[in-house]
Amino acid sequence: MENYGESKVITALKGLLGAIIGAVPGMLIWIILGKIGFVFSAVGILIGLGIIMGFAFFTKNADVPLWIMFVIFFGVFAVAMILSEKIVWTWELASTFKEYLPVFREDIIAGAIAEDSTLTRTEVENILTDELFTEIIEENFGIKEGTFGECFSNFSTLLENLDMKGKYIASLAKSSLFGIIGGIGIFAKMGK
């Protein structure tokens, strides 16, 4: 009996590995399309299909209980969708952040001059050192430089500071719904 249990565990781990590998092509398509600005939520179906195909390939001729397949599918799918969407959004936020920094600096200078009309532009520019500007950015956005890695690491904080958390969740939910519908359809065909 002990070998039988180990065999099922190993088979499930193989299926998990296959599901993860199978999700990667769909995730890459998702990220590439998102980067070029083309939002095609049905790519979630490709992620679901890849997970199922990877699972099936790695567990050939193995009798895997349906509940294990469901758990692995939905677990890998959830992580793949969240990670893909987060990468797309992070990439966009980092790009926008870099473009907006000079405008933000200009807004601070104009605001300081409007607040104290005795200050000249040069005086304000001298006061607004790079260190001070970085502190102001961090205070307002929760990040300093706006690099991809920094935006990815502070993603939740950045979304909250930009009041975009709701938009992100709505986008993720919409995309996930398409993928889940595709995955359920594929599971229904496999069950027949």
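Above: the structure in question.
Now for a look at the structure at hand. Every chain begins its residue count from 1, and numbering advances along the sequence as written. Given that the model is predicted, a residue must reach a pLDDT of at least 70 before its local features are reported, and side-chain atom pairs must reach 80 or more before they are shown or counted; all residues, however, enter totals for whole chains, interfaces and linings. To get the side-chain values, take all heavy atoms of the structure and skip hydrogens and water.

**Comments concerning helix H2 (residues 43-58)**
This is how it is decided: Helix and strand labels come from DSSP, where a helix needs a run of H or I of at least four residues and a strand needs a run of E of at least two; each type is numbered from the N terminus. Multiplying one less than the number of residues by 1.5 Å gives the expected span of a helix. Each residue is assigned to one of three classes by its accessible area relative to the maximum for its type, calculated with a 1.4 Å probe on protein chains only: buried under 20%, partly exposed between the two thresholds, exposed over 50%.
Taking 1.5 Å of rise per residue, the 16 residues of H2 would be expected to cover 22 Å, and the 23 Å separating its terminal C-alpha atoms lies within 8% of that figure. For H2, the complete set of buried residues consists of Val-43, Gly-44, Ile-47, Gly-48, Gly-50, Ile-51, Ile-52, Gly-54 and Phe-55.

**Description of helix H5 (residues 130-141)**
Put simply, the rule reads: Within this analysis, the arc is defined by the directions that extend from the helix axis to the C-beta atoms. Whether two residues touch is decided by their heavy atoms; if any such pair falls within 4.5 Å, the residues are in contact.
Taking 1.5 Å per residue as the helical rise, H5 with its 12 residues ought to reach 16 Å, and the 16 Å between its terminal C-alpha atoms agrees with that figure. All of the buried residues in H5 are Phe-133, Ile-137 and Phe-141. For H5, the buried positions fall inside an angular range of 45 degrees around the axis, keeping them on one side. Pointing more than 90 degrees away from the buried face of H5 are the exposed residues Glu-131, Glu-135 and Glu-139. In this fold, the buried residues of H5 make contact with helix H3 (66-115) and helix H7 (155-161).

**Quick word on the nonpolar core**
As a reminder, the rule being used: Residues grouped as a nonpolar core are buried Ala, Val, Leu, Ile, Met, Phe, Trp, Tyr and Cys residues, joined through side-chain atoms within 4.5 Å.
Counting residues in each nonpolar core, the largest one holds 43 residues, and the members touching the most others are Ala-23, Ile-47, Ile-51, Phe-133, Ile-137 and Phe-141. At the level of elements, helix H1 (2-35), H2, H3, H5, H7 and helix H8 (165-191) are the ones that each hand at least two residues to this core. When residues in this core are grouped by element, the largest group, 18 residues, is from H3. Not counting residues within four places of it along the chain, the set of residues in contact with Ala-23 comprises Ile-47, Gly-50, Ile-51, Val-76 and Ala-80.

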